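# An overview of the molecular structure
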Amino acid sequence: MPSTITPEQLASVGTIGRTILDEVGKAFIGPPTVTEAILTALVARGHVLIEGNPGVAKTTLVKAFAQTLSMNFRRVQFTPDLLPSDITGTYILDMRTNTFVLREGPVFTNVLLGDEINRAPAKTQSALLEAMQEQQVTIEGETKALGSPFIVLATQNPIEQEGTYPLPEAQVDRFLIKLRMTYPDLADEKRMLQTYDKPPPPVRAVVGPGEVLKLQALAQEVFVAEELLDYVLALTQFTRSHGRVYLGASPRATLALLHACKALALLRGRDYALPDDIRQLAPLVLAHRILMTPDAELEGGTGAAVVTEALAKVGYKTPRR
Ligand SMILES: Nc1ncnc2c1ncn2[C@@H]1O[C@H](COP(=O)(O)OP(=O)(O)OP(=O)(O)O)[C@@H](O)[C@H]1O
Ligand SMILES: [Mg+2]
């Protein structure tokens, strides 16, 4: 067997995954695949951007997810007057010692909920995106490492809305996964109506930082066959040579898809990846990294549509045994 993960480890990961999905389900009524995607990002050491119209439970979902993690947690409501130093921190004068001491910003935590991230100007967004990319921040020339694990769960309303600043397109790929939350299906929304007046049982913490670091290390061990690497490459190649695409998926995107795929396989109780893991994750990992040509954009072409097309046209070659 090419992987060193034991059956006991796989079973324990499975229990953790299911428990987190159940706990989040106490507060958020909706498909467990949404929560699974966030969990996948956590295990793959990535960050998540959640986009959706007002009132579709973006905040409810990320808050519930954060509650399942027994770690330092900070929430920042992004507003037009938020400054970069409100994210990273600032030096203040300590009157007693007459020296400058660093007051760490909310980015010094394990789980950072950035709510309505597109309400703050680009400079402030960039401070966060940079911290996510580098796992460290530089304040007044001094570089400090961030917490470990570190995950950003950001929400935003669709960028067409007034009073919002679209995230710098070239930096949106700092998010491993971008989830689009749509309206709940009728049955789920009805269940919400039927239960809204009963306070939901509190969401319990399921894992701490040590366990998450172990999960992250374990995911690295998941076996990915060469045919699957070729499949990932073929999918991203497709986005690069597409006529309506201005900028296709980068090598960072290829790597991101591989990492996410290993994490999802592990969470699903396997020590090897399957083509289905890739098919499920490609839209979440690749779509937001694809820029359309202006013409295609005018006609309503989207990265998501290109990924759908790639999945339909690019075949997976079954290995010959
Ligand atoms: N699928 C759902 N499950 C449980 N509660 C829901 C669901 N959808 C909406 N709600 C309820 O609707 C309200 C709005 O949810 P929430 O504040 O999380 O939305 P949001 O997407 O963050 O909105 P905004 O973009 O305005 O910040 C909350 O009271 C929440 O409990
Ligand atoms: Mg909200």
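To start, this report covers the structure provided alongside it. (Residues numbered from 1 in each chain as written. Chains lettered and ligands numbered in written order. Predicted model: local features only at pLDDT ≥ 70, side-chain atom pairs only at ≥ 80, totals over all residues.)

### Remarks on unusual backbone geometry
Omega for the peptide link from serine 148 to proline 149 comes to 0°, which places this bond in the cis form. Structurally, the position occupied by proline 149 is in the loop between β7 (142-145) and β8 (151-156). Positive phi, normally seen in glycine, also occurs at alanine 57, with a value near 80°. Looking at where alanine 57 falls in the secondary structure, it is placed in the loop between β1 (48-52) and α3 (58-67). Judged by the 20 C-beta atoms lying within 10 Å of it, alanine 57 is buried. A positive phi angle, close to 50°, is found at glutamate 140, a residue other than glycine. Positionally, glutamate 140 belongs in the loop between β6 (136-139) and β7. The exposure class assigned to glutamate 140 is exposed, which follows from the 10 C-beta atoms found within 10 Å. (Helix = DSSP H or I, 4+ residues; strand = E, 2+ residues; numbered from the N terminus. Buried ≥ 20, exposed ≤ 12 C-beta atoms within 10 Å, placed from the backbone.)

### Remarks on helix α2 (residues 32-43)
If you check α2, its first and last C-alpha atoms are 16 Å apart, about what 12 residues at 1.5 Å a residue would give, namely 16 Å. Counting buried residues along α2, 9 of its 12 residues qualify, which places the element largely inside the surrounding structure. Within α2, burial applies to Val34, Thr35, Ala37, Ile38, Leu39, Thr40, Ala41, Leu42 and Val43. Where α2 ends, the next residue or the one after it, arginine 45, has phi of about 60°, a positive value. (Expected span 1.5 Å × (residues − 1).)

### Describing the site of ligand 1
Taken together, 15 residues lie around ligand 1, and Pro54, Ala57, Lys58, Thr59 and Thr60 are the ones closest in. Residue assignment for the shell around ligand 1 shows that the elements contributing at least two residues are α3 and α6 (186-195). Looking at the shell around ligand 1, its residues break down into 7 nonpolar, 6 polar and 2 charged. (Near = placed C-beta within 6 Å. Nonpolar A, V, L, I, M, F, W, Y, C, P; charged D, E, K, R; others polar.)

### A short note on the nonpolar core
Judged by nonpolar contacts, the single largest core of 89 residues is most densely connected at Val48, Leu153, Ile177, Leu257, Ala260 and Val285. Here this core takes 11 residues from helix α9 (residues 251-267), the largest share from any one element. In terms of domain composition, this core takes at least three residues from each of domain 1 (1-221) and domain 2 (222-321). Those residues in contact with leucine 153, other than ones at most four positions away along the chain, are Ile38, Val48, Val62, Phe65, Ala66, Val111 and Leu113. (Core = buried A, V, L, I, M, F, W, Y, C linked by C-beta atoms within 7 Å. Domains from an automatic or database assignment. Contact = placed C-beta atoms within 7 Å.)

Structural measurements only, silent on function.
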